[in-house]
Amino acid sequence: MGNLNTTMIEKYRNSFLHEVEANVEEGEWVKMCMQCGVCSGSCPLGPHWDHPPQELFMMIRAGKREEVLTSSSMWMCTSCYNCIVRCPRELPITHIMHGLAHYAKRLGLVPENQQTEKFAQLFWDNLTNTGRVNELKLGLKLYFMNGFGEGIKMSLKMQDVGLNMLKTGRMSPFELLGGHSIKDKTGFHAMLQKAKELEDAKIAKHGA
Amino acid sequence: MTDTIATNESILVIGGGISGMTAALEAAECGKQVILVEKTPSLGGRVSQLYKYFPKLCHPTCGMEINSRRIKANKNLRVITMAEVDEITGNAGNYNVSITKQPRYINDNCTACGECANAVEAKFDNEHNYNMDKRKGAYLPFNMAYPQRYVLDSGIIGTDDADKAKAACRYDAVDLDMQKETVQLNVGAVIWATGWQPFDAANIQPYGYDRYDNVITSVEFERMMDDFGPTGGKILRPSDNKEAKNIAFIQCAGSRDRNYLKHCSRICCMASLKQTTYVREQYADDGKATIYYIDIRAIDRFEDFYAKVQADTNVSFIKSKVASITEERGTGNPVLHGVNTEGYDRYDNAHDLVVLAVGMQPSVDREKFPVEVITNEHGFIERPEGSTGMFAAGCASDALDVNRAVQNATASALRAIQVVNRFSKTEV
Ligand SMILES: Cc1cc2nc3c(=O)[nH]c(=O)nc-3n(C[C@H](O)[C@H](O)[C@H](O)COP(=O)(O)OP(=O)(O)OC[C@H]3O[C@@H](n4cnc5c(N)ncnc54)[C@H](O)[C@@H]3O)c2cc1C
């Protein structure tokens with residue numbers, strides 16, 4: 001991954017905007033931002049970001065590659081869609097945020113201990129294992145994501161919710177033993193493998 | 001009743017705002033026969049609802065008076081008020097036009113003495129003041145109205161008020177039997193001067209125009225400055241009638257926004273800059289204005305007006321499209337939320353009053369023209385390819401200030417004259 005990062009730096013020397021346009025989902029919209037600031041003002045998590053969306057867009061145009069891709073900003077997006085609804089130029093801002101996060105992840109530039117990224121990875125691993133989300137395991141993994149002590153605290157806090165879900169049949173304790181699965185797990189894994197190959201080939205070509 | 005007037009050497013002007021009046025007068029003063037059709041009871045259009053004009057800060061009534069004198073003095077011009085065009089058929093040089101004229105219930109005998117208004121009781125929303133107050137069922141639309149004739153609201157016809165109005169009139173000017181009329185015309189050219197309307201601010205949900213009393217529009221703000229307006233010429237908060245001294249102006253309220261109007265309405269920056277001078281005029285050093293903007297578009301010669309307002313230390317500029325407005329409990333103060341893009345600072349600013357600089361959109365919906373008219377994607381009238389006898393003047397063609405609207409109207413008068421001349425000559 002570090003390698004891909006170097007290749008991309010080489011390829012798009014001095015034009016981070018072009019790099020974003022070519023590699024980030026919906027990245028071609030970035031140049032349309034007119035810096036009105038309505039997205040930043042509308043973001044419920046706005047006060048907690050390093051850089052609100054419109055500032056990120058300006059940084060992209062200003063070529064601040066390192067600062068943008070290692071920023072925790074786009075990982076803060078909760079997909080509330082306020083920004084998309086209010087953007088006077090209809091930029092798909094939420095999607096661009098996720099696109100940037102995804103691209104940073106590909107390049108191995110995610111800030112350390114990034115909580116959203118950690119959970120996303122847990123979710124992906126959980127889902128791709130059997131082809132179905134195992135809610136029990138996912139929940140437990142999430143609680144223990146930041147260490148044993150935290151996990152116990154969190155589990156105790158959520159105890160009632162968990163028990164109620166068990167009672168009403170919304171969650172099965174047997175999921176712990178492996179969990180339900182799709183019929184053709186082997187086929188599913190082959191499919192994912194193929195998709196990964198295609199994606200890697202695409203990136204290799206872009207990077208070349 | 002059907003009435004036929006005019007010939008194919010005449011020019012029809014639809015809409016009697018500043019643009020329609022100009023086009024009609026320019027053509028009539030060149031010796032052409034002109035019919036000017038206006039939907040409301042008086043001429044003047046939106047200009048008659050403005051307090052002062054940028055950039056000179058003079059009063060529009062002055063120019064309007066000059067125009068009404070020119071109209072009175074011109075035998076070639078016939079004005080038909082309370083009338084709309086239903087149908088236009090034919091081609092350049094020969095159009096047949098059908099017009100419906102609503103009854104005014106007041107004839108030419110009217111001296112505008114106002115006794116009928118004193119006599120009646122029922123009240124109606126006052127459209128001249130954007131419904132901010134009420135007017136009587138017998139009324140003069142505004143003091144400088146041309147023609148200077150009262151109107152009876154159709155809502156009082158058949159009620160006691162109608163009889164009271166009739167009894168009060170000493171000049172036999174009240175005619176309760178007046179009926180709707182159809183007028184057929186034959187004209188050589190048509191000028192659309194139907195103007196603009198303010199964008200409906202209630203559509204911009206995060207700004208709460210429909211929820212918060214102290215969020216008003218720029219056109220309503222103009223009315224507040226009129227001594228005969230809804231607040232007697234004072235800038236007051238609708239919620240509690242307190243003096244509003246700390247006022248926020250929000251630019252691009254509906255304009256330059258693909259969710260609302262895509263185009264730039266062009267005049268709103270200048271209108272808000274002008275309106276900051278109203279705040280200072282009224283409250284001197286206590287008056288504070290803040291303009292929230294994306295970028296200020298003080299087009300061409302207006303740059304120095306902008307510079308003058310910028311130099312005023314009581315006027316501040318915040319580069320930001322406001323994200324939302326909430327209402328402070330207890331005070332009723334609107335609070336503006338957003339991010340100042342110069343420095344990316346968040347703000348939550350309370351003001352006494354918020355004025356939304358609403359955009360201009362065409363007053364006639366593109367589907368509602370009584371004949372095929374070519375419009376651009378924003379609904380403003382465009383010139384078709386090839387020859388035509390129909391032209392647009394003023395804000396029917398684009399979002400324009402008065403200066404440009406009048407220039408544009410003069411140009412369309414010339415074009416209409418050319419059409420009429422061409423056809424009258426070929427027929428000789
Ligand atoms: C807040 C604000 C402040 C402004 N301040 C200034 C300023 O200070 N200086 C400046 O230069 N400009 C200013 N403007 C712009 C100015 O208002 C316009 O340039 C001007 O009104 C254009 O005149 P018009 O005749 O083209 O249109 P209008 O004034 O809209 O006139 C159109 C006329 O046509 C009539 N009509 C409409 N439809 C029909 C129909 N179907 N049949 C018959 N008649 C019809 C209407 O009743 C109206 O009388 C301001 C605008 C705003 C929004």
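Keep in mind it's a predicted model, so treat the numbers as computed, not measured.

A. The packing of helix α1 (residues 18–29) of chain B against helix α2 (residues 60–73) of chain B, seen in detail. Residues and elements named next belong to chain B. Between α1 and α2, the shortest axis-to-axis distance is 10 Å and the interhelical angle comes to 40 degrees. For the element pair α1 and α2, the recorded crossing hand is left-handed. The segment α1 lies against α2, with Ile18, Met21, Leu25, Glu26 and Glu29 engaging Met64, Asn67, Ser68, Arg70 and Ile71. Among the residues making up the contact of α1 with α2, the classes are represented as five nonpolar, two polar and three charged.

B. Molecular detail of unusual backbone geometry. Residues and elements named next belong to chain B. Look at the link from Phe54 to Pro55: it is a cis peptide, with omega at -5 degrees. Along the polypeptide, Pro55 turns up in the loop between β3 (34–37) and α2. For the peptide bond that leads from Tyr146 to Pro147, omega is -5 degrees, which places it in the cis range. Along the chain, Pro147 falls in the loop between β9 (138–139) and β10 (151–152).

C. Region of the structure containing the domain arrangement of chain B. Residues and elements named next belong to chain B. Entries for chain B in the domain assignment read domain 1 (2–102 + 180–195 + 363–422), domain 2 (115–168) and domain 3 (198–360). Each of domain 2 and domain 3 has a C-alpha centre, and these two points are 32 Å apart. Tallying the contact residues gives six residues for domain 2 and eight residues for domain 3. Approximately 650 Å² of surface area, both sides summed, lies buried where domain 2 meets domain 3, with 66% of it carried by carbon and sulfur atoms. Run the count over domain 2 and domain 3 and you get zero salt bridges. Where domain 2 meets domain 3, there are two residue pairs in polar contact (both at pLDDT 80 or more).

D. Spatial organisation of the site of the ligand. Residue and element names in this part refer to chain B. What surrounds the ligand is a group of 36 residues, the closest being Ser19, Glu38, Phe54, Lys274 and Leu400. A distance of 2.6 Å separates an oxygen atom of the ligand from a polar backbone atom of Phe54. Here Leu400 contributes a backbone N or O atom positioned 2.7 Å from an oxygen atom of the ligand. Bound to the protein, the ligand loses 95% of the 1000 Å² it would expose on its own. Going through the elements one at a time, α1, β5 (83–91), α5 (218–224) and α6 (268–283) are the ones with two or more residues in the shell around the ligand. Ranked by the residues each element gives to the shell around the ligand, the list is headed by α5, at three residues. Both domain 1 (2–102 + 180–195 + 363–422) and domain 3 (198–360) contribute no fewer than three residues apiece to the shell around the ligand.

E. Local environment of helix α4 (residues 160–168) of chain B. Residues and elements named next belong to chain B. What α4 keeps buried is the set Asp161, Ala162 and Ala165. Mapping the buried residues of α4 onto a view down its axis gives an arc of 105 degrees, with all of them on the same face. Facing away from the buried side of α4 by over 90 degrees, the exposed positions are Asp160 and Ala167. Turning to α4, the residues buried within the fold contact α3 (115–119) and β10.

F. The layout of surface pockets, seen in detail. Residue and element names in this part refer to chain A. Its volume calculated, the second largest pocket comes out at about 880 Å³. Lining the second largest pocket are 23 residues, and of these His102, Lys105, Arg106, Gln121 and Trp124 sit closest to its centre. Elements with a contribution of two residues or more to the lining of the second largest pocket: α7 (93–106), α8 (115–130) and α11 (185–207). In the lining of the second largest pocket, the residues fall into nine nonpolar, seven polar and seven charged.

G. View of the side chain of Lys274 of chain B. Residue placement: Lys274 of chain B occurs in helix α6. Ignoring anything within four residues of it in the chain, the contact list for Lys274 of chain B reads Lys52, Tyr53, Phe54, Leu57, Glu222 and Phe305 of chain B.

H. Seen up close, α6 of chain B. Residue and element names in this part refer to chain B. Compared with the 22 Å implied by 1.5 Å per residue over 16 residues, the 22 Å span of α6 between its first and last C-alpha is a close match. Where burial is concerned, most of α6 is hidden: twelve out of the 16 residues are buried. Taken together, the buried positions of α6 are occupied by Cys268, Cys269, Met270, Ala271, Ser272, Leu273, Lys274, Gln275, Thr276, Tyr278, Val279 and Tyr283. For α6, the secondary structure elements touched by its buried residues are α5, β15 (246–253), β16 (288–293), α7 (303–311), β17 (315–319) and β21 (353–358). Just past α6, the residue Ala284 takes up positive phi, approximately 45 degrees.

I. Fine view of the pattern of salt bridges. All names here are of chain B. Counted by the stated rule, this structure contains 33 salt bridges over all chains. Between Asp108 and Arg149 there is a salt bridge, and its shortest N-O distance comes to 3.5 Å. With Asp108 in the loop between β6 (94–101) and α3 and Arg149 in the loop between β9 and β10, the pair connects residues that are 41 residues apart, well separated along the chain. Taking the relative accessible area as the measure of exposure, Asp108 reaches 64% and is therefore exposed. As a salt-bridge pair, Glu222 and Lys274 come within 2.9 Å of each other at their nearest N and O atoms. Note that Glu222 is positioned in helix α5 and Lys274 in helix α6, a separation of 52 residues in sequence. Comparing Glu222 with Lys274, the two get one shared label, buried.

J. Just the packing of α6 of chain B against α7 of chain B, in detail. Residue and element names in this part refer to chain B. In contact at an axis separation of 10 Å, α6 and α7 are set at 40 degrees when each is read in the N-to-C sense. With respect to α7, the axis of α6 lies oblique. You can see that α6 and α7 cross each other, and the crossing is left-handed. Each of Met270, Leu273, Lys274, Thr276 and Thr277 in α6 lies in contact with α7, whose residues at this interface are Phe305, Tyr306 and Val309. For the contact of α6 with α7, the residue count by class is five nonpolar, two polar and one charged.

Here is what the cut-offs are and how they apply
- Residues numbered from 1 in each chain as written.
- Chains lettered and ligands numbered in written order.
- Predicted model: local features only at pLDDT ≥ 70, side-chain atom pairs only at ≥ 80, totals over all residues.
- Heavy atoms only, no water.
- Axes fitted to C-alpha atoms, helices over the stretch in contact; angles between N-to-C directions.
- Helix = DSSP H or I, 4+ residues; strand = E, 2+ residues; numbered from the N terminus.
- Left-handed = near helix turned anticlockwise from the far one by under 90°.
- Contact = heavy atoms within 4.5 Å.
- Nonpolar A, V, L, I, M, F, W, Y, C, P; charged D, E, K, R; others polar.
- Domains from an automatic or database assignment.
- Buried area = accessible area lost by both parts, 1.4 Å probe.
- Salt bridge = Lys/Arg side-chain N within 4 Å of Asp/Glu carboxyl O.
- Polar contact = N/O pair within 3.5 Å; in protein donor to acceptor, adjacent residues only side chain to side chain.
- Near = heavy atom within 4 Å.
- Areas by Shrake-Rupley, 256 points an atom, 1.4 Å probe, with all protein chains shown as cover.
- Buried < 20%, exposed > 50% of the residue type's maximum accessible area, 1.4 Å probe, protein only.
- Arc of directions from axis to C-beta.
- 1 Å grid on protein atoms, 1.4 Å probe; cavity = no way out; pocket = protein on both sides within 12 Å on 5 of 7 lines; lining within 4 Å.
- Points joined across faces, edges and corners; volume = space filled by probe spheres on them.
- Expected span 1.5 Å × (residues − 1).
- Parallel < 35°, antiparallel > 145°, perpendicular 65-115°, else oblique.

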